[in-house]
Amino acid sequence: MKLGGRRILVVGMARSGIAAARLILHHGGIPILSDQKSEEAFGQDLDMLRGTACEFRLGEDAGKLLEGAEGLVISPGVPIDAPVVKRAKELGVPMVGELELGWSLLQGEMLAISGTNGKTTTTTLLGKIFENAGRVTHVAGNIGYPLSSVALESKKDDVCVVEVSSFQLESVRAFHPRVAALLNITEDHLNRHGDMQTYIRLKQRLFENQSERDVAVLNLDDPALRKMADRVKSRVAFFSRTQKVENGAFVDEGKLVWQWDGVRKPICDADAILIPGPHNLENALAAAAMACAMDVPAPVIRHTLMSFTGVEHRIEKVRVFQGVTYINDSKGTNVDSTIKAVQSMRAPTVILLGGYDKHADFAPLCREIAQTPHITDAVVMGQTARQIDGQLREAGFDRVVRAYSLEDALQKARSLAVPGGNVLLSPACASFDMFRDYEHRGQAFKELVAALG
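Now for a quick tour of the structure. (Residues numbered from 1 in each chain as written. Predicted model: local features only at pLDDT ≥ 70, side-chain atom pairs only at ≥ 80, totals over all residues. Heavy atoms only, no water.)

## With respect to the nonpolar core
A general trend in soluble globular proteins is that nonpolar side chains are found buried together. One finds L126, V217, I267, I301 and L305 to be the most contacted residues of the largest nonpolar core, which totals 44 residues. Considering every element that reaches this core, the biggest residue donor is helix α11 (residues 278-293), with eleven residues. Excluding its chain neighbours within four sequence positions, the residues that come into contact with L305 are L125, L256, I267, C268, A272, I273, L274 and A284. (Core = buried A, V, L, I, M, F, W, Y, C linked by side-chain atoms within 4.5 Å. Buried < 20%, exposed > 50% of the residue type's maximum accessible area, 1.4 Å probe, protein only. Helix = DSSP H or I, 4+ residues; strand = E, 2+ residues; numbered from the N terminus. Contact = heavy atoms within 4.5 Å.)

Quick look at the structure:
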């Protein structure tokens, strides 16, 4: 999309929209700022754009703002079938997503990671590997730092590690990572995508512009991804924690190993990886495979895997108070993610569940809780509280308490917890019924825990 001297409508003025507007300004364009919220509702968030060439048209009909615009950039929160996107097609106005805009103006090598779960941990871990290898590294995308922001500062020798969501993949066209990994696929975001077939097809778009010179990293233990290997044009590196692979990363006799074109390279002992749980072993395998595909030395990968402590809001130990460990897993925004958190518990645990309704089926999680002796009680809250309560009882788990706020849920969990045990916030839901996002929810939980006593 050409930017210089052109009026570009930017729809959705959260972090991605602000970054897109700044990038458009940097390249001589005139951003037209659009959002359903009024300008007053943003407070000081848009101050950096004041006094520039930006046109503030917040709270107005985005479709009408297209008249006279020469381009459209949408944030990830704007669906590909939104009225403004349909109107742009009718008018012949070029449209890109913020991810695509950032990629088109990025310098340096780019690696991309997607999947239902584990994206943020794997992206952060891989970024740390490249940092430890001495590369100038940018960690961006769905992780909270837009790719358009990186495009403002990147240099040709830099490395950019990008977390990519299905929302962002709806609008990609030429997006082309040198190495891309798809970690897993389980049910999520069906309220936006409609069905699993659409969701899987969107995830596969991560690889659609790769060539035989690129590498696609896939989880061999995930049936949907195993089938996907035949549908990509790039070379495939599998990763697996349960079986050996011909090309890729796997565990052999307790050691994490990389093998490519017959050359075998040991990385480290699997039990030396600092972040706990089988799901994190998979994340470590994926990150190691991507790093090895980019010729990062094994000692650098080994050191990083043995020292990386994880990411905020993902099975994050907050505090031990009166013998009870409080754990923040606010990033558990879907059923499969919370199942992994449940499987990581090793002491009597009260779990806090519930939030925004994404039309998920909680039955697999409820069965897992019912079959896990470490989960002693559940406190449910939010829009999905009644549904989760009912499905837990159907699974044979009846130690369920209803709460009406996060603070109420924490106090009820505190009364149920035993010394030596845990209180785990892992909602299996998005946060939008009570909070801005999972980070806001996790921070609120940590502040409430800090105030105990």
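## A short note on helix α3 (residues 83-91)
Among the residues of α3, V84, V85 and A88 are the ones counted as buried. Each buried residue of α3 sits inside an arc of 100° when the element is viewed along its axis, so together they form one side. Structural note: α3 exposes P83, K89 and E90 on the side pointing more than 90 degrees away from its buried face. Against the buried residues of α3 lie β1 (7-11), α2 (62-65), β4 (71-74) and β5 (95-97). (Arc of directions from axis to C-beta.)

## What to know about the packing of aromatic side chains
In total, this model carries two aromatic pairs according to the counting rule given. Seen in terms of ring centroids, Y356 and F432 are 5.5 Å apart; in terms of plane orientation they differ by 70°. Their pairing is edge-to-face. Of the two residues, Y356 is situated in the loop between β17 (349-353) and α14 (363-371) and F432 in the loop between β20 (422-425) and α17 (438-450); the sequence distance between them amounts to 76 residues. Among the residues examined, Y356 registers a relative accessible area of 27% and is labelled partly exposed. (Phe/Tyr/Trp six-rings, centres within 6.5 Å; stacked < 30°, edge-to-face > 60°.)

## Considering the state of the cysteines
Tallied over the full model, the rule gives zero disulfides. The thiol sulfur of C292 is not disulfide-bonded, and the nearest other cysteine sulfur, from C268, lies at 10 Å. (Disulfide = S-S within 2.5 Å.)

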